[in-house]
Amino acid sequence: MASLPQSVLFCCDHNAVRSPMAEGIMKKLYGFDTYVQSVGVVSDLEIDGFAIAVCKEIGVEMSRHRARSFDELEQYGEALSGFDLIVALSPASQRRALDLTRLFHLTVEYWPIMDPTGLGETREQKLNAYRQTRDQLVDRMTQKWQGSL
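Scoring rules and cut-offs
- Sequence order sets the numbering: in each chain, residues are counted from 1 along the sequence as written.
- In view of the model being predicted, local features appear only for residues whose pLDDT reaches at least 70, and side-chain atom pairs are presented and counted only at 80 or more, with totals across whole chains, interfaces and linings using the full set of residues.
- In computing side-chain properties, one takes all heavy atoms of the structure into account and sets aside hydrogens as well as water.
- Secondary structure elements are defined from DSSP: runs of H or I of at least 4 residues count as helices, runs of E of at least 2 residues count as strands, and each element is numbered from the N terminus.
- For this measure, only C-alpha atoms enter the radius of gyration; the expected value for a globule follows 2.2 Å times N^0.38, where N is the number of residues.
- Type-normalised accessible area, obtained with a 1.4 Å probe on protein chains alone, sets the label of each residue: buried when under 20%, exposed when over 50%, and partly exposed for intermediate values.
- Each accessible area is a Shrake-Rupley estimate made with a 1.4 Å probe; only the visible protein chains count as cover when residues are assessed.
- Charge assignment: positive for Lys and Arg, negative for Asp and Glu; neither His nor the chain ends contribute.
- Charge positions are represented by NZ for Lys, CZ for Arg, CG for Asp and CD for Glu.
- Think of the arc as the fan of directions from the helix axis to the C-beta atoms.
- By definition, residues are in contact when any of their heavy atoms lie within 4.5 Å.
- Between N or O atoms, a polar contact is any pair within 3.5 Å; within protein, one atom must be a potential hydrogen donor and the other a potential acceptor, and residues adjacent in sequence are included only when both atoms are from side chains.
- Space inside and on the surface of the protein is sampled on a 1 Å grid over the protein atoms alone, with a cavity defined as a set of points where a 1.4 Å probe fits but cannot get out and a pocket as an open set with protein on both sides within 12 Å along at least 5 of 7 lines; lining residues have an atom within 4 Å of a point.
- Grid points are joined across faces, edges and corners, and a volume is the space filled by probe spheres set on the points.
- As a working rule, the residues Ala, Val, Leu, Ile, Met, Phe, Trp, Tyr, Cys and Pro are called nonpolar, Asp, Glu, Lys and Arg charged, and the rest polar, with Gly in that last group.
- The disulfide definition used here is simple: a pair of cysteine sulfur atoms within 2.5 Å.

Draft legend 1. Structural context of the overall build of the chain. For the chain, the helix and strand inventory stands at five helices and four strands. The order of α-helices and β-strands along the chain, N terminus first, is β-α-β-α-α-β-α-β-α. For 149 residues, the compact-globule estimate of 2.2 N^0.38 gives 15 Å, and the C-alpha radius of gyration of the chain, at 14 Å, lies within 12% of that figure. Seen along its three principal axes, the alpha-carbon backbone of the chain occupies a region of about 45 × 35 × 25 Å. Among the 149 residues that make up the chain, the fraction classed as buried is 45%. Total accessible area computed for the chain in this model is approximately 7,700 Å², and 48% of it derives from carbon and sulfur atoms. Averaging the positions of the 16 positive and the 20 negative side-chain charges in the chain gives two centres separated by 2 Å.

Next up, the structure:
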């Protein structure tokens, strides 16, 4: 089992579903042992209501999350080089992270986590898709680093 990194940046396409879920779950699992943030390739969407709902089911509060992009992260004074690990949750975010960090000595990992947006017809089917994504994130983290909800 890998040791817990000091700092992790999760990234996806819009910072509205997968990466904020990952950020919230990581904080719930590991508390203040690791500094955690999340970004998107772009930040053109608000946090997704289904993501908020399914994370609330496991005690993860996300309603105050504000989407931000890689560029906004830097504008707010956080350098990508300050993170030990960047976890990309979409192919586009992996490409962007690798491009932005090609001169830095840090690890970029790709976790193929399902994008639940657009899945399901009914509210319950949509919630189940988001639960699958949430559970994939929990499983991936607890398999990589010791911990449980």
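Draft legend 2. Geometry of helix α2 (residues 49-56). Taken together, the buried positions of α2 are A51, V54 and C55. Along α2, the residues classed as buried sweep out an arc of 100° about the axis, all on the same side. The secondary structure elements touched by the buried residues of α2 are α1 (18-30) and α5 (123-144). Near the N-terminus of α2, the side chain that reaches the backbone nitrogen of F50, with its oxygen 2.8 Å away, is that of D48.

Draft legend 3. Quick look at unusual backbone geometry. For N15, which is not glycine, the phi dihedral falls at a positive 55°. Note that N15 resides in the loop between β1 (7-12) and α1.

Draft legend 4. Fine view of the layout of surface pockets. What the largest pocket holds in volume is close to 230 Å³. If you go around the largest pocket, the residues you meet are P20, E23, G24, K27, K28, G59, V60, E61, M62, S63, R64 and H65. Among the residues making up the lining of the largest pocket, the classes are represented as three nonpolar, four polar and five charged.

Draft legend 5. Structural detail: the state of the cysteines. Applying the stated rule across the entire model yields zero disulfides. Note on C11: no disulfide assigned, nearest cysteine sulfur contributed by C12 at a separation of 7.5 Å. In this model C55 remains outside any disulfide bridge; the closest cysteine sulfur is found in C12, 12 Å from its own. Exposure remark for C55: the relative accessible area of 0% places this residue in the buried category.

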